[in-house]
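# Understanding the architecture of this molecule
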Protein chains: 2
Amino acid sequence: MGRGRVQMKRIENPVHRQVTFCKRRAGLLKKAKELSVLCDAEIGVVIFSAHGKLYELATKGTMQELIERYGKYTGGPPADEPMVEPMDAKKEIEMLKQEIEILQKGPRWTLCFKKSKC
Amino acid sequence: MGRGRVQMKRIENPVHRQVTFCKRRAGLLKKAKELSVLCDAEIGVVIFSAHGKLYELATKGTMQELIERYGKYTGGPPADEPMVEPMDAKKEIEMLKQEIEILQKGPRWTLCFKKSKC
DNA sequence: TCCTATGAATAAGC
DNA sequence: GCTTATTCATAGGA
C-alpha cells in the first residue's frame, strides 16, 4: 500500500512498527464496525500490543457478553454441520419472512453463465 | 468502494448483504492477521453473523487462551461455561430458512456454481 | 500529524 | 466464483 509493497513479516524498525500498529489498528477496528453495521453482525475484536496493552471493540453489547455468547456457542453440541444458534424466535421468524418477501419481489437474473467447470 | 460509495447502514437486500458479509469478513480477518504479523500483536476476532453463525480468528494460541488473557487484564471473572438453551418454533424457522435458501440459489445458479462456502 | 502516490479492498455486474 | 471500475487504506516523506 501507499508507497511500495508491504512484506508480510514483522517490522523490525520499532518506530515504523509503532506507527504501522497505530494506523492499522484504527483501520481494523473501523472495518469491524462497518461490517457489523452493514451486515447486522455482532463482532468483537481484542488486540494485545507487543508490549501487552489492550485494545478492544465490541459492536453490540459488551465484550463480556460477547465472550459469554462465544462460550455458549463453542460449548454447545459438537455439530458436524455448521451450527446455528437460536435467537429470539419471534424476531427471527419475522426477519426471515421479510427476507422471503424481498427475494420474491426482487428482480431475478435470467442469465446463466455456463462454465465448463460447473 | 468498488462502484459507488457505501452508505454506512444495514444493507437491506439480503443477497447483497450476504455477498458483502462474505467478502468483508474475509477482508477483516486478513487485516487482523496482517496486523498481528507486522506488529507482533496478539489478536482475536469473533464474528456472529445475523443468523447466529460463528466465525473466529485467534492469531496466537487459541481463542480460549486469549479470552483468559483478556479476563486477567480486565480483572473480570473467567469465561462462563456454556448453557444449553431450549427452543420452540424452531421448526418454523428451519422451514423459512430453507425457503430462503431455495429462493436465493434455486433458479439462478443451479447449473453453474457450487454451493457457497459462506 | 498531515499529505500524497500507490497498492488493496471491494461493489457491481457477469 | 471471476472481472473491472472505483473508492479506500496506508507507507513514506515533509
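Residues numbered from 1 in each chain as written. Chains lettered and ligands numbered in written order. Predicted model: local features only at pLDDT ≥ 70, side-chain atom pairs only at ≥ 80, totals over all residues. Heavy atoms only, no water.

Of the regular secondary structure elements, chain A holds three helices and two strands. The order of helices and strands in chain A, counted from the N terminus, is α-β-β-α-α. The burial tally for chain A puts 36% of its 118 residues in the buried class. Entry remark: accessible area of chain A is about 7,900 Å², with carbon and sulfur atoms responsible for 54%. (Helix = DSSP H or I, 4+ residues; strand = E, 2+ residues; numbered from the N terminus. Buried < 20%, exposed > 50% of the residue type's maximum accessible area, 1.4 Å probe, protein only. Areas by Shrake-Rupley, 256 points an atom, 1.4 Å probe, with all protein chains shown as cover.)

Pairs of packed helices are described in terms of their axes, by the angle between the two and the distance that separates them. Two elements in contact, helix H1 (residues 14-39) of chain A and helix H1 (residues 14-39) of chain B, have axes separated by 10 Å at closest approach and are oriented at 160°. With respect to each other, H1(A) and H1(B) are oriented roughly antiparallel. Between H1(A) and H1(B) lies a crossing whose hand is left-handed. Listed contacts from H1(B) to Arg17(A), Thr20(A), Phe21(A), Arg24(A), Arg25(A), Leu28(A), Lys31(A), Ala32(A), Glu34(A), Leu35(A), Leu38(A) and Cys39(A) of H1(A) are Arg17(B), Thr20(B), Phe21(B), Arg24(B), Arg25(B), Leu28(B), Lys31(B), Ala32(B), Glu34(B), Leu35(B), Leu38(B) and Cys39(B). Looking at the contact of H1(A) with H1(B) residue by residue, the class counts come to twelve nonpolar, two polar and ten charged. (Axes fitted to C-alpha atoms, helices over the stretch in contact; angles between N-to-C directions. Parallel < 35°, antiparallel > 145°, perpendicular 65-115°, else oblique. Left-handed = near helix turned anticlockwise from the far one by under 90°. Contact = heavy atoms within 4.5 Å. Nonpolar A, V, L, I, M, F, W, Y, C, P; charged D, E, K, R; others polar.)

Attention now moves to the packing of aromatic side chains. Counted according to the given criterion, the structure contains four aromatic pairs over all chains. Measuring from centroid to centroid gives 5.7 Å for Phe21(A) and Tyr55(A), while their planes differ by 70°, and the two rings are edge-to-face. Of the two residues, Phe21(A) sits in helix H1 while Tyr55(A) sits in strand E2 (residues 54-58), which places them 34 residues apart along the sequence. Assigned by exposure class, Phe21(A) and Tyr55(A) land together as buried. Across from the ring centre of Tyr55(A), 3.8 Å away, lies the NZ or CZ of Arg25(A), which sits over that ring. Of note, Arg69(B) hangs over the ring of Phe48(A), and the distance from its end group to the ring centre comes to 3.9 Å. (Phe/Tyr/Trp six-rings, centres within 6.5 Å; stacked < 30°, edge-to-face > 60°. Lys NZ or Arg CZ within 6 Å of the ring centre and 35° of its normal.)

Turning our eyes to something else, we now look at helix H2 (residues 63-75) of chain A. A turn of α-helix holds 3.6 residues, and therefore any two residues three or four places apart point the same way. Helix length check: H2(A) (13 residues) gives 18 Å between terminal C-alpha atoms against 18 Å at 1.5 Å per residue, within 8%. For H2(A), the full list of buried residues reads Met63(A), Leu66(A), Ile67(A), Arg69(A), Tyr70(A), Gly71(A) and Tyr73(A). (Expected span 1.5 Å × (residues − 1).)

Okay, the pairing of strand E2 (residues 54-58) of chain B next. All names here are of chain B. Pairing analysis gives five bridges linking strand E1 (residues 42-48) to E2, with the strands arranged antiparallel. When the bridges of E2 are listed, Gly 44 appears paired with Ala 58. Here E1 hands over to E2 after five residues, with Gly 52 in that stretch at a positive phi of 90°. (Pairing = 2+ DSSP bridges.)

With that settled, consider the pattern of salt bridges. Applying the stated criterion across every chain, the model contains twelve salt bridges over all chains. Arg24(B) is the partner of Glu34(A) in a salt bridge, and the nearest nitrogen-oxygen pair spans 2.8 Å. You can see Glu34(A) sitting in helix H1 and its partner Arg24(B) sitting in helix H1, one on each of two chains. Since its relative accessible area comes to 12%, Glu34(A) is described here as buried. (Salt bridge = Lys/Arg side-chain N within 4 Å of Asp/Glu carboxyl O.)

What follows covers the interface of chain A and chain B. Opposite the 71 residues of chain A that make contact, chain B presents 70 residues. Approximately 6,700 Å² of surface area, both sides summed, lies buried where chain A meets chain B, with 71% of it carried by carbon and sulfur atoms. The largest per-residue losses of area from chain A upon contact with chain B belong to Leu38(A), Phe48(A) and Tyr70(A), which jointly make up 12% of the total buried on that side. A salt bridge links Lys97(B) to Glu92(A); its shortest N-O distance comes to 3.1 Å. Linking chain A to chain B there are 15 residue pairs in polar contact (both at pLDDT 80 or more). Sort the elements by how many residues they give to the side of chain A that touches chain B and H1(A) lands first, with 14 residues. Looking at the side of chain A that touches chain B residue by residue, the classes come out as 40 nonpolar, eleven polar and 20 charged. (Buried area = accessible area lost by both parts, 1.4 Å probe. Polar contact = N/O pair within 3.5 Å; in protein donor to acceptor, adjacent residues only side chain to side chain.)

From the geometry alone we can't say anything about function, so treat these as descriptive.
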